[in-house]
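# Tertiary structure, described
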Amino acid sequence: ASPPPPPAPVAPPPAPVEATPEPPRQVASATPETAPAEAVPDRLSVVFADEESRLTADARTTLKGLADRLAPDESSRLQLRAYAGGEGLSPSRARRVSLQRALAVRAFLMESGIASSRIDVRALGDKADGQPANRVDVLPVDR
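These notes cover the structure that comes with them. (Residues numbered from 1 in each chain as written. Predicted model: local features only at pLDDT ≥ 70, side-chain atom pairs only at ≥ 80, totals over all residues. Heavy atoms only, no water.)

### Thoughts on the pattern of salt bridges
Tallied over the entire structure, the rule returns seven salt bridges. Measuring nitrogen to oxygen at the nearest pair gives 2.6 Å for the salt bridge that ties Arg43 to Asp137. Of this pair, Arg43 sits in the loop between β1 (17–21) and β2 (44–48) while Asp137 sits in strand β5 (residues 135–141), placing them 94 residues apart in sequence. The exposure class of Arg43 is partly exposed, given its relative accessible area of 22%. Asp126 serves as the salt-bridge partner of Lys127, at 3.4 Å between the closest nitrogen and oxygen. Residue Lys127 is classed as exposed on the basis of its relative accessible area, which comes to 58%. For Asp126, a relative accessible area of 37% puts it in the partly exposed group. (Salt bridge = Lys/Arg side-chain N within 4 Å of Asp/Glu carboxyl O. Helix = DSSP H or I, 4+ residues; strand = E, 2+ residues; numbered from the N terminus. Buried < 20%, exposed > 50% of the residue type's maximum accessible area, 1.4 Å probe, protein only.)

### Digging into the pairing of strand β3 (residues 77–83)
Of all seven residues making up β3, six are buried, and the element is well covered by its neighbours. Where β3 lies against β5, seven bridges are found, and the strand directions are antiparallel. Bridging across to β5, Arg77 finds its partner in Val141. As paired strands, β3 and strand β4 (residues 119–123) are joined by five bridges and run parallel to one another. From the neighbouring strand, Ala82 faces β4, where its bridge partner is Ala123. Regarding topology, helix α2 (residues 91–111) serves as the crossover connection from β3 to the parallel β4, and that connection is right-handed. (Pairing = 2+ DSSP bridges. Right-handed = clockwise from strand over helix to strand, strands pointing away.)

### Quick word on the nonpolar core
One finds Leu55, Leu63, Leu80, Val105, Leu109, Val136 and Val138 to be the most contacted residues of the largest nonpolar core, which totals 21 residues. Elements that contribute at least two residues to this core include exactly β2, α1 (57–70), β3, α2 and β5. (Core = buried A, V, L, I, M, F, W, Y, C linked by side-chain atoms within 4.5 Å.)

### A look at the side chain of Asp137
Look at Asp137 and you get buried, because its relative accessible area is 1%. A distance of 2.5 Å separates polar atoms of two side chains, one belonging to Asp137 and the other to Ser45. At 2.9 Å, the side chain of Asp137 and the side chain of Arg135 are in polar contact. (Polar contact = N/O pair within 3.5 Å; in protein donor to acceptor, adjacent residues only side chain to side chain.)

### Focus: the packing of α1 against α2
Packed helices, taken two at a time, are described by the angle their axes make and the gap between the axes. Put simply, α1 and α2 touch, their axes get as near as 9 Å, and they point 50° apart. On the basis of the axis angle, α1 is oblique to α2. For the crossing formed where α1 meets α2, the hand is right-handed. Only Val105, Phe108, Leu109 and Glu111 of α2 make contact with α1, whose side of the interface consists of Arg60, Leu63, Lys64 and Ala67. (Axes fitted to C-alpha atoms, helices over the stretch in contact; angles between N-to-C directions. Parallel < 35°, antiparallel > 145°, perpendicular 65-115°, else oblique. Left-handed = near helix turned anticlockwise from the far one by under 90°. Contact = heavy atoms within 4.5 Å.)

The structure is reproduced here in structure tokens:
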């Protein structure tokens, strides 16, 4: 199989981004102390600053840990739900920013050994169903 095409170029914004896993209504570490080392979180959220789409070192570390746990199971799949919001952000701009974020997370996961065919991307723009509004939720998907 030929390698996947590289993601579209994105202007690199300079602001920081932090990765924080987000179980429902409670912030916890990516691998809670009570969970086995191989456990995959139900939801992992990569949080971004307004209109930013570049991953920080912390986000990369968190995503690398997730990729390392998922890589051996080639039947596992992920869905990336990307959001963008903020004052004065038009719906079309929010959608573009959310897509840039999802593609940044997807590209990093691919570099970390997860095949592109195992990653579904949903750029939802300003349709965030929770807080923070500027994030990419990484969710395991059942086949």
